[in-house]
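Listed below, chain by chain, are the residues.
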Number of protein chains: 2
Amino acid sequence: MKRTHPGLLRSIVATNVRRYRQARGLSQQDFANEIDMDRTYYGGVERGERNVSIDNIERIAKGLEISPHQLLIARE
Amino acid sequence: MKRTHPGLLRSIVATNVRRYRQARGLSQQDFANEIDMDRTYYGGVERGERNVSIDNIERIAKGLEISPHQLLIARE
DNA sequence: ATGTGACTTCGAGTCCGTC
DNA sequence: AGACGGACTCGAAGTCACA
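Residues numbered from 1 in each chain as written. Chains lettered and ligands numbered in written order. Predicted model: local features only at pLDDT ≥ 70, side-chain atom pairs only at ≥ 80, totals over all residues. Heavy atoms only, no water.

### Digging into the interface of chain A and chain B
Here is step 1 of the chain: Contacts between the two partners involve 25 residues from chain A, matched on the other side by 25 residues from chain B.
Here is step 2 of the chain: Across the chain A/chain B interface, buried area totals approximately 2,200 Å², and carbon plus sulfur atoms make up 60% of it.
Here is step 3 of the chain: Joining chain A to chain B, the criterion identifies 2 salt bridges.
Here is step 4 of the chain: Two residues, R10(A) and D55(B), come together in a salt bridge whose shortest N-O distance is 2.5 Å.
Here is step 5 of the chain: There are 16 residue pairs in polar contact (both at pLDDT 80 or more) connecting chain A and chain B.
Here is step 6 of the chain: A per-element tally of the side of chain A that touches chain B places helix α4 (residues 54-64) of chain A first, with 6 residues.
Here is step 7 of the chain: A breakdown of the residues in the side of chain A that touches chain B according to their chemical character gives 12 nonpolar, 7 polar and 6 charged. (Contact = heavy atoms within 4.5 Å. Buried area = accessible area lost by both parts, 1.4 Å probe. Salt bridge = Lys/Arg side-chain N within 4 Å of Asp/Glu carboxyl O. Polar contact = N/O pair within 3.5 Å; in protein donor to acceptor, adjacent residues only side chain to side chain. Helix = DSSP H or I, 4+ residues; strand = E, 2+ residues; numbered from the N terminus. Nonpolar A, V, L, I, M, F, W, Y, C, P; charged D, E, K, R; others polar.)

As structure tokens, this is what we get:
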């Protein structure tokens, strides 16, 4: 397979997780702790730096109490 | 982070990619080739064996000509 | 045409810290 | 509170031979 650049979708997910987390009024550290994920890793996801896996998408969505597919929908 | 089992979402994605690919009337082989992905790797995704990343979700959705979030929605 | 096991490599994911 | 860095471990990514 060819080596590719980080996708667009990554930044969409980044923006979405941040918005939903803030809507819940939680800090990155508290939220990361709640879903049992490393805070520096989770921060990287919100910055769009991490190529997060489907299992982790699910885990984050669960913590956010939303349906996973909502994290992939771009808002304006 | 705690070690977890493969998530449910993984199998939802698996079923979806398979359905959408078949709807396009393509073999795994041809489709994998079209999106420049190894066919055995792609096959593993359809079988829910691979914890596929967001970048690869995007790449597959592009080949399927659908919006990425559709791959995460469970059908009955 | 698809599945599977074995394999290497590089980034996902963790843990320490500082600014 | 959050960004970021270094050093680490382990699994995703990617490939192949064979069934």
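### With respect to the relation of the copies chain A and chain B
Here is step 1 of the chain: Laying chain A over chain B is done by rotating through 180 degrees and shifting 0.0 Å along the axis; what remains is an RMSD of 0.2 Å. As the rotation angle and translation indicate, the two copies are arranged about a two-fold axis. In terms of C-alpha distance to the rotation axis, chain A has S53(A) as its closest residue, with the C-alpha 2.1 Å off the axis.
Here is step 2 of the chain: A symmetric contact is evident, with 100% of the interface residues of chain A recurring at the interface of chain B. (Least-squares fit on C-alpha atoms with pLDDT ≥ 70 in both.)

### Some thoughts on the pattern of salt bridges
Here is step 1 of the chain: The tally for this structure, following the rule as stated, stands at 13 salt bridges over all chains.
Here is step 2 of the chain: Beyond isolated ion pairs, a larger network of salt bridges with shared partners links R18(A), R21(A) and E46(A).

### Considering the environment of L9(A)
Here is step 1 of the chain: With respect to the secondary-structure elements, L9(A) resides in helix α1 (residues 8-23).
Here is step 2 of the chain: Residues L9(A) and E34(A), spaced 25 residues apart in sequence, show a C-alpha to C-alpha distance of 25 Å.
Here is step 3 of the chain: Once you skip the residues sitting within four places of it in the chain, L9(A) turns out to touch L72(A), I54(B), I57(B), E58(B) and P68(B).

### Describing the UniProt feature "domain: HTH cro/C1-type" (unreviewed entry) in chain A
Here is step 1 of the chain: When the UniProt feature table is mapped onto this chain numbering, "domain: HTH cro/C1-type" (unreviewed entry) sits at residues 17-71 of chain A.
Here is step 2 of the chain: Spanning residues 17-71 of chain A, this segment combines 60% helix with 0% strand, and its end C-alpha atoms are found 7 Å apart. (UniProt positions renumbered as here; feature names shortened; annotations may be inferred.)

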